[in-house]
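Overview (structure and organization)
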Amino acid sequence: MDRLDRRILKELQADGRQSNVQLAEKVGLSPSPCWQRVRRLEADGVIKGYTVLLDQAALGQSETVLIEISLDRHQGYQLETVCEQIAAFPEVLEVHITSGEFDCFIKVACDGTSGYEAFLKHKLYTVQGIRSSRSLFSLRCFKQAQNALID
C-alpha cells in the first residue's frame, strides 16, 4: 500500500459517498486509475465495506453505556460463545474480548436508565456464564471513528 492508497482511504473515511470523479480529483489521479485502486483495496480486503453512522439520540437511544464483563470460568463457559450471544442484541454496538481484569468490553445504546435496566434484565443477564459486570455511562463522545488510518 503506497501513499496514494492511504490518501484514497483517508478521503473515503471522510466521505464514503463521494463519487469516484470527486475522489480522484482530491487525491490527484484521473478517474480510471483511482477506480482501479479502490477496487483493488476492496478485493484485497483493506476496504471491508461501506456503512452509515447513525445519530443514536435521534433514534431514541440517547445513552451510550460502556460495560466491562467478567465470566464465571468455573462453569466452563466459552468466552467467544458468550461474546457472540451478546453481539446478537441490537442495542449492542461493539463487543471486544479484552486482556486484564475483565473478559470482554461492550458498548450499548439505550433509551436512558430505564432502557438500560430493561437491557440488563431482559437481555444481558439472560446470557449464561456472566459472573459480573461494571457499567459506565458515557457523558459525551469527543471522537467516533470506525478505523484509525496512520499517515
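As a starting point, this report considers the structure included with it. (Residues numbered from 1 in each chain as written. Predicted model: local features only at pLDDT ≥ 70, side-chain atom pairs only at ≥ 80, totals over all residues. Heavy atoms only, no water.)

Some words on a nonpolar patch on the surface
How we decide: In this scheme, patches are assembled from residues that exceed 30% relative accessible area and form no salt bridge. Like charges are connected within 9 Å, while nonpolar side chains (Val, Leu, Ile, Met, Phe, Trp, Tyr) are connected within 5 Å. We get accessible surface area from the Shrake-Rupley algorithm with a probe of 1.4 Å; when it comes to residues, only the shown protein chains can shield them. Whenever a carboxyl oxygen of Asp or Glu lies within 4 Å of a side-chain nitrogen of Lys or Arg, that contact is scored as a salt bridge. Each helix is a run of DSSP H or I of at least 4 residues and each strand a run of E of at least 2, with the numbering of both proceeding from the N terminus. Only protein chains enter the calculation, and the probe is 1.4 Å; a residue is then buried if its accessible area is under 20% of its type maximum, exposed if over 50%, and partly exposed in between.
Taken together, the side chains of Val52, Leu54 and Leu59 define a hydrophobic patch exposed on the protein surface, amounting to about 320 Å² of accessible area. Looking at the element boundaries, leucine 54 is found in the loop between α3 (31-43) and β1 (63-71). Classification of leucine 54 by relative accessible area gives exposed; the value is 52%.

Looking at helix α4 (residues 79-87)
Think of an α-helix as turning once every 3.6 residues; residues three or four places apart then point the same way. As a reminder of what qualifies: Working definition: the arc comes from the directions between the helix axis and the C-beta atoms, pointing outward to the latter. Whether two residues are in contact is decided by their heavy atoms: any pair within 4.5 Å suffices.
Taken residue by residue, α4 has Leu79, Val82, Cys83 and Ile86 as its buried positions. Axial view of α4: buried residues confined to an arc of 100 degrees, hence all on one face. Across from the buried face of α4, at angles greater than 90 degrees, the exposed residues are Glu80 and Glu84. Buried residues along α4 sit against β1, β2 (92-97), β3 (104-110) and β4 (130-137).

Describing the environment of glutamate 42
Tracing the backbone shows glutamate 42 in helix α3. The spatial distance from the C-alpha of glutamate 42 to the C-alpha of valine 52 is 17 Å, given a sequence separation of 10 residues. Those residues in contact with glutamate 42 that lie beyond four places of it in its chain are Ile47 and Tyr50.

Considerations on the sheet that holds β4
Hydrogen bonds between backbone atoms are what pair the strands of a sheet, whose relative direction is either parallel or antiparallel. The cut-off we apply is this: In this scheme, strands are said to pair when DSSP sees at least two bridges between them. Every axis corresponds to a line fitted to the C-alpha atoms, with the helix fit spanning only the stretch in contact, and the corresponding angles, defined between N-to-C directions, vary from 0 to 180 degrees.
The strand order across the open sheet built from 4 strands is β2-β3-β1-β4, with neighbouring strands paired in antiparallel fashion. Sheet topology places β2 and β4 at the edges, where each strand pairs with a single neighbour. Across the sheet, the axes of successive neighbouring strands diverge by a mean angle of 20 degrees, strand direction being ignored. In the sheet, β2 pairs with β3 via 5 bridges, with the strands oriented antiparallel. What sits directly across from glutamate 94, in β3, is lysine 107. The sheet contacts of α4 involve β1, β2, β3 and β4, and relative to β2 the element is tilted by about 170 degrees.

Remarks on the layout of surface pockets
Stated formally: The pocket and cavity definitions rest on a 1 Å grid over protein atoms only: a 1.4 Å probe that fits but cannot leave marks a cavity, an open set with protein on both sides within 12 Å along at least five of seven lines marks a pocket, and residues lining either have an atom within 4 Å of a point. Grid points are joined across faces, edges and corners, and a volume is the space filled by probe spheres set on the points. All amino acids are sorted into three groups, where Ala, Val, Leu, Ile, Met, Phe, Trp, Tyr, Cys and Pro are nonpolar, Asp, Glu, Lys and Arg are charged, and the leftover types, Gly among them, are polar.
Taken as a whole, the largest pocket encloses approximately 890 Å³ of empty space. Around the largest pocket, the lining comprises 22 residues; the ones closest to its centre are Leu12, Gln13, Gly49, Gln146 and Asn147. The class makeup of the residues in the lining of the largest pocket is 11 nonpolar, 7 polar and 4 charged. The calculated volume of the second largest pocket comes to roughly 690 Å³. Around the second largest pocket, the lining is made up of 23 residues, and of these Leu54, Gln56, Leu93, Lys107 and Gln144 lie nearest the centre. The set of elements that each furnish at least two residues to the lining of the second largest pocket consists of β1 and β2.

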